[in-house]
Amino acid sequence: MATDDECFDYIVTGAGSAGCAVAARLSESGRYRVLLLEAGGRDTNPWIHIPMGFYKVYADPRVNWMFESEPEARLDNRTLYQPRGKVLGGTSSINGMVYMRGNAGDYDEWRQRGCDGWDYDSVLPYFRKAEDQQRGANEFHGVGGPLRVSDQPRRDELADRLVEAAIQAGLPPNHDFNGARQEGAGYFQSTTGHSRRWSTATAYLRPARNRANLVVRPNCHATRIVIENSRATGVNYLHGGTPRTARARAEVIVSGGVYGSPQLLQLSGIGPGELLQGLGIETILDLPAVGKHLQDHFFVRLAYRCTKPITMNELANSLPRRVMAMARYVLFRSGPLAANSVIAGAFARSDPRLERPDLQFNFTPWSYATRDHTGAVPHPFPGFSLSAVHLRPDARGTVHLKSPDPLAPPAIRFNFLETPYDLQALTAGMRLARTFTRQPALAPYVAEEIVPGPDINTDAEFAASIRRTASSNLHPVGTCRMGPNGDAVVDARLRVQGIGRLRVADAAIMPTVPAGNTNAPSIMIGEKAAAMILSDARAA
Ligand SMILES: Cc1cc2nc3c(=O)[nH]c(=O)nc-3n(C[C@H](O)[C@H](O)[C@H](O)COP(=O)(O)OP(=O)(O)OC[C@H]3O[C@@H](n4cnc5c(N)ncnc54)[C@H](O)[C@@H]3O)c2cc1C
């Protein structure tokens, strides 16, 4: 175990989607000694690795931070549950495994906002480098990378019908949402391999486990970055309650995620001066953007009672079926447990005048009565869900320390529904989802709409339903955003503005949320960060 003032070249705090990629790539050549600190434990929980086990780790405090937002004023003062992985692999060890990069135009927009080197043509090589695509390589996809990307292991009757219905409603078929075109309907690919979850711990750390120069330390919570003469020189951390320090000869890379990264910077005196002063933390750099610009997708779920007993609800509600499913998975790696839950869907525009899709539809072959920090409870009858996700909300929120205690959760505020567009777009999404369910392909499978229900028809009724049920789609970004000026935290090389030898590399640096799921983009950021760090080291 660590001794005080151990010395490394690089220290990475947080072994999540981005952090595992950063640490593995920095240690690859054998030239640098790298320490990877992770607050959570090892990924030994078997449910992590079973794709459908997603629901078992959704609210398990042994592997999950289980944050809760502050009450949201425009959502009837509801708090929103925020699961985040607290385990090797971070949130890639508990997420829904959908492999989605977003729209190429999202990254071009990052460059237009002053982030040179982050347009799609520039980031595509890092998506490809990370990838081991089951379908083989082409101009959009790579093979031989650490991250397995697979097709769904089986076709699903309801998913087939949903895709057909979306096409009947006017969307084009789409066989590859990460290829030439995003709009359309089809099956989603997943970050699984051999019907196992392919977290970044599996992808990046497992192949590197015999590297003597990569020290992976679970159960180690970074509490402060040591800063001397405006340069990061090390990290203070707690291991089992015991304070320790590790020194970094070259750099510290903060990869604690959208909540953990701004929290660690603020604890280290880098953040909004007034906030820090109020908490008795010495301000090293007054940087108001730390913890600002929180952005997330905003979604609402439509739930349907199904006319046929072909959904996952029947499985979830029957012990003998669950036992059979587990036996099938263990023996043959097949059956319902082998698939991740969001298996198909669509991308569309809430307004035909938009250039890019601003809506994503996620289909799951099950429906639930509740899903929050107590877990997910499926309906006691056959059901399926269709989520309408608004991909470009105007709303921006904050992540701020509530206490100087490094183990206390931060205050998370989304400020959803800040603008009329956010309400209009989600209302359009709900109407479109409902249109899908009324098409000839899907209508015979719909016994009744449970949520929002047949009484919701006018704009005012949709608005009230959204306020009552809509939530964060668990893709928060932006709290250490990248940009060219003082309202950003890091520059385009991910260096913290005003502090030397310190970078942030994870979803927190995204200037705006991409229009798709955020695991692959976070891994891309980890890959690109490592490449920039190594190239800067060579140039020094
Ligand atoms: C339930 C759920 C389902 C999702 N489904 C999908 C999906 O299907 N597809 C998709 O693309 N995206 C999905 N996402 C989102 C995606 O997984 C995340 O955006 C992505 O993993 C974020 O990566 P990251 O590196 O920024 O942070 P994380 O992966 O969260 O990594 C941060 C790591 O830092 C550690 N840490 C934090 N603070 C400290 C500290 N002080 N000291 C030491 N360690 C620390 C954390 O424990 C964690 O391991 C989902 C998210 C959730 C919550």
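Conventions adopted
Residues numbered from 1 in each chain as written. Predicted model: local features only at pLDDT ≥ 70, side-chain atom pairs only at ≥ 80, totals over all residues. Heavy atoms only, no water. Helix = DSSP H or I, 4+ residues; strand = E, 2+ residues; numbered from the N terminus. Rg over C-alpha atoms; globule rule 2.2 N^0.38 Å. Buried < 20%, exposed > 50% of the residue type's maximum accessible area, 1.4 Å probe, protein only. Contact = heavy atoms within 4.5 Å. Areas by Shrake-Rupley, 256 points an atom, 1.4 Å probe, with all protein chains shown as cover. Lys, Arg positive; Asp, Glu negative; His and termini not counted. Charge placed at Lys NZ, Arg CZ, Asp CG, Glu CD. Polar contact = N/O pair within 3.5 Å; in protein donor to acceptor, adjacent residues only side chain to side chain. Near = heavy atom within 4 Å. Nonpolar A, V, L, I, M, F, W, Y, C, P; charged D, E, K, R; others polar.

### As for the overall build of the protein
- Counting its regular elements, the protein contains 14 helices and 26 strands.
- In terms of C-alpha radius of gyration, the protein reaches 22 Å, essentially the compact-globule figure of 24 Å for 540 residues.
- Relative to its 540 residues, the protein shows a buried fraction of 63%.
- Counting only contacts in the protein whose residues sit at least 6 apart along the sequence, the fraction spanning at least 24 positions is 70%.
- With the model as given, the accessible surface of the protein reaches about 19900 Å², and the carbon-plus-sulfur share is 50%.
- With 60 positive and 53 negative side-chain charges, the protein shows a separation of 5 Å between the mean positions of the two kinds.

### Re the side chain of His379
- Mapping His379 onto the fold places it in the loop between β20 (375-378) and β21 (383-390).
- One polar contact links His379 to Ser367, side chain to side chain, over a distance of 2.8 Å.
- Contacts of His379, omitting those with residues within four sequence positions, involve Ala303, Asn313, Asn317, Ser367, Tyr368, Ala369 and Ile450.

### Some thoughts on helix α5 (residues 120-130)
- All of the buried residues in α5 are Tyr120, Val123, Leu124, Tyr126, Phe127 and Ala130.
- The inward-facing, buried residues of α5 contact α4 (104-112), β5 (131-133), β6 (147-149), α7 (200-205) and α14 (519-539).

### Points about the site of the ligand
- Around the ligand sit 38 residues, and of these Ser17, Glu38, Thr91, Thr518 and Asn519 come closest.
- Contact between the ligand and Glu38: an oxygen atom at 2.6 Å from a side-chain N or O atom of the residue.
- Within the contact set of the ligand, an oxygen atom lies 2.8 Å away from a backbone nitrogen or oxygen of Val98.
- Calculation on the ligand without its partners gives an accessible area of 1000 Å², and the protein chains cover 97% of this total.
- For the shell around the ligand, the elements supplying multiple residues, two or more each, are α1 (17-27), β11 (220-228), α8 (257-267) and α14.
- Looking at the shell around the ligand residue by residue, the class counts come to 15 nonpolar, 19 polar and four charged.

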